[in-house]
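Here are the chains, one letter per residue:
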Amino acid sequence: MPIVAAPPPDLLPPPAWRMICRRHFTGKFASPHMGMRALIRASSVWKKECSVDSKDVQPDFIRLGISSGSSDLRFDRLQPSEEEINCRHRRGFGRFIAREAILDEEYWTAAWLRAESHWEDQPGDRHLQSHKRKFAENEFNAIKRRCKRKYADDCTCIITVKKEEKGVKRTVLSSIVGTLDFSIRQLLCGQTFPGESSKAPVSCGIFRSDLPRYGYISNLCVAKYARRQGIASNMLLLAVDAVRSSGVSQIFINVQKDNTTAQNLYKTIGFQMFEKAAATAGKENLYLLCYNL
């Protein structure tokens, strides 16, 4: 089972290559009925323009999921250099850098990673790619809304990218190997922890400046080919440091009860079971974990 932070309780195979070839790297639109020769030619163009380290295995989300709603994105866009990136949160480790996402193409790749993770345990579904595409498109739009402060929460999308290497060029899509979201939220009126049922009167309002704030982490996932390299733990540590700098005293995360791999990871970082929530969880298939800063 993949390590996933549960959401709030609230020659490449021709079919795959046709999806990404809706917009060819030469700028022309590829036909959905293009022949094998054209597919091989398109593949050689991509490999020539974006040389990739031979040690890296290409994840599925590079070759899948281009839909009409995202046709304005530049899927041949090269990953910006570190000198071009100005972000608040950054953590380097090994061959990777965890940092704040800044480009729409990075938001899209994060969304596709989440779609891959969400549907990872259901490979037999014959409509799988369609489900992934729809999931990724919805998540892409949601990430942009959250991170552009259109909600009351202050939300940040964190990604992990491969470090720059001399002579190696990578597209945004082939650089990102992990993602999570963290946000600074306020408890609702009458709540003592997130998700608690509140009987406070409607007249007290939903958000008030005097209500306690807390950090919340969600949507943690790592590309399947890049796991067991410290990516998840380093993204979590970056999120903890970023939340700490915001002045809040607690960070919460939800995890599925049967996902023991994720539970063990969170415990090594310092998260503990929030007993008060466990006593009132009812039939929900989630644990609430807490990190005290």
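Preceding this section is the structure that the text describes.
Calculation rules
Residues numbered from 1 in each chain as written. Predicted model: local features only at pLDDT ≥ 70, side-chain atom pairs only at ≥ 80, totals over all residues. Heavy atoms only, no water. Helix = DSSP H or I, 4+ residues; strand = E, 2+ residues; numbered from the N terminus. Buried < 20%, exposed > 50% of the residue type's maximum accessible area, 1.4 Å probe, protein only. Areas by Shrake-Rupley, 256 points an atom, 1.4 Å probe, with all protein chains shown as cover. Salt bridge = Lys/Arg side-chain N within 4 Å of Asp/Glu carboxyl O. Axes fitted to C-alpha atoms, helices over the stretch in contact; angles between N-to-C directions. Parallel < 35°, antiparallel > 145°, perpendicular 65-115°, else oblique. Left-handed = near helix turned anticlockwise from the far one by under 90°. Contact = heavy atoms within 4.5 Å. Nonpolar A, V, L, I, M, F, W, Y, C, P; charged D, E, K, R; others polar. Pairing = 2+ DSSP bridges. Phe/Tyr/Trp six-rings, centres within 6.5 Å; stacked < 30°, edge-to-face > 60°.

Visitor: When you look at the overall build of the chain in this model, what are you seeing that I'm missing?
Guide: Secondary structure summary: the chain contains eight helices and eight strands in total. Within the chain, buried positions represent 49% of all 293 residues. Carbon and sulfur atoms make up 50% of the accessible area of the chain, which totals about 15100 Å².

Visitor: What is the right way to read the pattern of salt bridges from this model?
Guide: Note on pairing: side chains with opposite charge can pair once their charged atoms come close. Under the defined criterion, the tally for this structure stands at 14 salt bridges. Residues participating in the shared-partner salt-bridge network are Arg114, Glu139, Arg146 and Asp181.

Visitor: When you look at the packing of helix α6 (residues 231-244) against helix α7 (residues 260-269) in this model, what are you seeing that I'm missing?
Guide: Two quantities define a packed helix pair, namely the angle between the helix axes and the distance between the axes. Orientation of α6 relative to α7, taken along the N-to-C sense of each, is 45 degrees, at an axis distance of 10 Å. The angle between α6 and α7 places the two elements in the oblique class. Two packed elements cross with a definite hand, and for α6 against α7 that hand is right-handed. Facing α6, whose interface residues are Ala232, Ser233, Leu236 and Leu237, α7 presents Leu265, Tyr266 and Ile269. A per-class count over the contact of α6 with α7 returns six nonpolar, one polar and no charged.

Visitor: Would you mind showing me how to read the sheet that holds strand β6 (residues 250-256) here?
Guide: For sheets, the rule is that strands pair by backbone hydrogen bonds, running either parallel or antiparallel. A sheet is described by the order of its strands in space; here eight strands give the open sequence β1-β2-β3-β4-β5-β6-β8-β7, paired in mixed fashion. Each having just a single partner strand, β1 (90-93) and β7 (272-273) make up the two edges of the open sheet. Sheet topology note: the strand β3 (residues 154-162)/strand β4 (residues 176-186) ladder contains eight bridges and is antiparallel. Bridge pairing in β4 links Cys155 to Ser183.

Visitor: Whenever I open this one, the packing of aromatic side chains confuses me. Can you help?
Guide: Aromatic rings considered in pairs are described by the distance between their centres and by the relative angle of their planes. The tally for this structure, following the rule as stated, stands at nine aromatic pairs. Where Phe75 meets Trp108, the ring centres are 6.2 Å apart and the plane angle is 80 degrees; that geometry is what we call edge-to-face. Here Phe75 is found in the loop between α2 (36-49) and β1, whereas its partner Trp108 is found in helix α3 (residues 104-118), with 33 residues between them in sequence. The class for Phe75 is buried, based on a relative accessible area of 10%. Taken together, the aromatic side chains of Phe75, Trp108, Trp112 and Phe140 make up a single cluster linked through ring pairs.

On their own, these measurements won't tell you what the molecule is for.
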